[in-house]
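Commentary on secondary and tertiary structure
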Amino acid sequence: MPEPAGDFSEWLSDAEASLQSGTGATAVPCGACTACCRSSMFVHINPEETQTIQQIPRALLFDAPGLPKGHLVMGYNDKGHCPMLVDNKCSIYEYRPQTCRSYDCRVFAATGVPVDRDQPDIAHRVNAWMFSYESEESRREHNTLKDAAAFLQNNGHLFPPGTLPTRPAQLAALAVRIYGIFAASSNGATKPGAELARDILIALNEPQTFSK
Ligand code: SF4
Ligand code: SF4
């Protein structure tokens, strides 16, 4: 059954702002869905999220690999569920981590990047999202974003090894982040792939935040 994902242009503008600020929370019309809480994901928690940390039993929190001291991750149980999910509801909803607030599975529907095959419940929800378009320009924006995502997926050879994210959610977020580069290119200033890759690398070196 289709799930209304909202106006595409509005979504894109909110998603770009959220990625730029690194603290944005997207209002996802999740309804009763809890797929991302049941999909074997590690939840990153920043040291500043003291109220959140107080809500979670210490035994469920681990030092985040590769990040400075104080950054934590919460794992999942043997069913792949977040341990804070109780009776199919987040038991710390008011204090849920920023990572959970920022997660927006509509990014997969928007970019066309496939969900990790180990996360079929999220993929099911993603397949149901239907964006609306207030104008032809809005449809063009959606096509441009899909072009940006396809460029990243098909042109890994133009980038130094290890520079492009490998996780689908991060790749999709990167496509949103570089949307402006493709929007400029599709407005007449078409660039060769190598030049686009160079512009993307410049964008990659700027501060960024990706979702879980
Ligand atoms: S999978 Fe998507 S719709 Fe479902 S809870 Fe997560 S963000 Fe909401
Ligand atoms: S903390 Fe809450 S919102 Fe976040 S993954 Fe766990 S149950 Fe879901």
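As shown above, the structure is provided for reference.
Notes on the structure follow. (Residues numbered from 1 in each chain as written. Chains lettered and ligands numbered in written order. Predicted model: local features only at pLDDT ≥ 70, side-chain atom pairs only at ≥ 80, totals over all residues. Heavy atoms only, no water.)

All right, on to the overall build of the chain then. Each helix and strand in the chain was counted, giving 9 helices and 7 strands. Its C-alpha atoms give the chain a radius of gyration of 18 Å, within 12% of the compact-globule value 17 Å for 212 residues. The principal-axis extent of the C-alpha atoms belonging to the chain is close to 55 × 40 × 30 Å. Here the chain, with 212 residues, has 42% of them falling under the buried criterion. Across the chain, every contact between residues at least 6 apart in sequence was considered, and the portion connecting residues at least 24 apart equals 71%. Accessible surface, the chain: about 11900 Å² in total, of which carbon and sulfur atoms supply 52%. (Helix = DSSP H or I, 4+ residues; strand = E, 2+ residues; numbered from the N terminus. Rg over C-alpha atoms; globule rule 2.2 N^0.38 Å. Buried < 20%, exposed > 50% of the residue type's maximum accessible area, 1.4 Å probe, protein only. Contact = heavy atoms within 4.5 Å. Areas by Shrake-Rupley, 256 points an atom, 1.4 Å probe, with all protein chains shown as cover.)

If you check the shell around ligand 1, you find C30, C33, A35, C36, Y103, C105, R125 and W129 and nothing else. Of the residues in the shell around ligand 1, the class split is 7 nonpolar, no polar and 1 charged. (Near = heavy atom within 4 Å. Nonpolar A, V, L, I, M, F, W, Y, C, P; charged D, E, K, R; others polar.)

Glancing now at the nonpolar core. In terms of nonpolar packing, the biggest core is built from 44 residues, with W11, F108, L145 and L152 touching the most fellow members. Only α1 (8-21), α4 (106-111), α5 (120-128), β7 (129-132), α6 (136-154), α7 (168-177), α8 (179-186) and α9 (193-204) provide two or more residues apiece to this core. Of the residues forming this core, the biggest block, 7 residues, is contributed by α7. Those residues in contact with W11 that lie beyond four places of it in its chain are D104, R106, V107, A110, F131, L145 and V176. (Core = buried A, V, L, I, M, F, W, Y, C linked by side-chain atoms within 4.5 Å.)

So, about the site of ligand 2. Among the 9 residues in the neighbourhood of ligand 2, the closest are listed as C37, C82, C90, P97 and C100. Of the residues assigned to the shell around ligand 2, the class counts are 8 nonpolar, no polar and 1 charged.

This part covers the side chain of E49. Structurally, the position occupied by E49 is in the loop between β2 (43-45) and α2 (50-55). Within the structure, the side chain of E49 is placed 2.7 Å from the backbone nitrogen of Q98, a separation counted as a polar contact. The contact partners of E49, leaving out residues within four places of it in the chain, are H44, P97 and Q98. (Polar contact = N/O pair within 3.5 Å; in protein donor to acceptor, adjacent residues only side chain to side chain.)

Okay, unusual backbone geometry next. In this model, S40 sits at a positive phi of 50°, which is unusual for a non-glycine residue. Here S40 lies in the loop between α1 and β2. Residue class for S40 comes out partly exposed when judged on its relative accessible area of 35%. The backbone of D87 sits at a positive phi, close to 50°, despite the residue not being glycine. Topologically, D87 is positioned in the loop between β5 (85-86) and β6 (89-90).

With that out of the way, let us pick up the environment of C105. The residue C105 is located in the loop between α3 (98-102) and α4 in this model. According to the relative accessible area criterion, C105 is buried, its value standing at 10%. In this structure, the C-alpha to C-alpha distance between C105 and W129, residues 24 residues apart in sequence, is 9.2 Å. The contacts of C105, once residues within four sequence positions are left out, are I122, R125, V126 and W129.

Another aspect to go through is α5. Of all the residues in α5, the buried ones are I122, R125, V126 and A128. Angular distribution of buried residues about the axis of α5 spans 160°; they occupy a single face of the element. Within α5, the exposed residues directed more than 90 degrees away from the buried face are P120, H124 and N127. (Arc of directions from axis to C-beta.)

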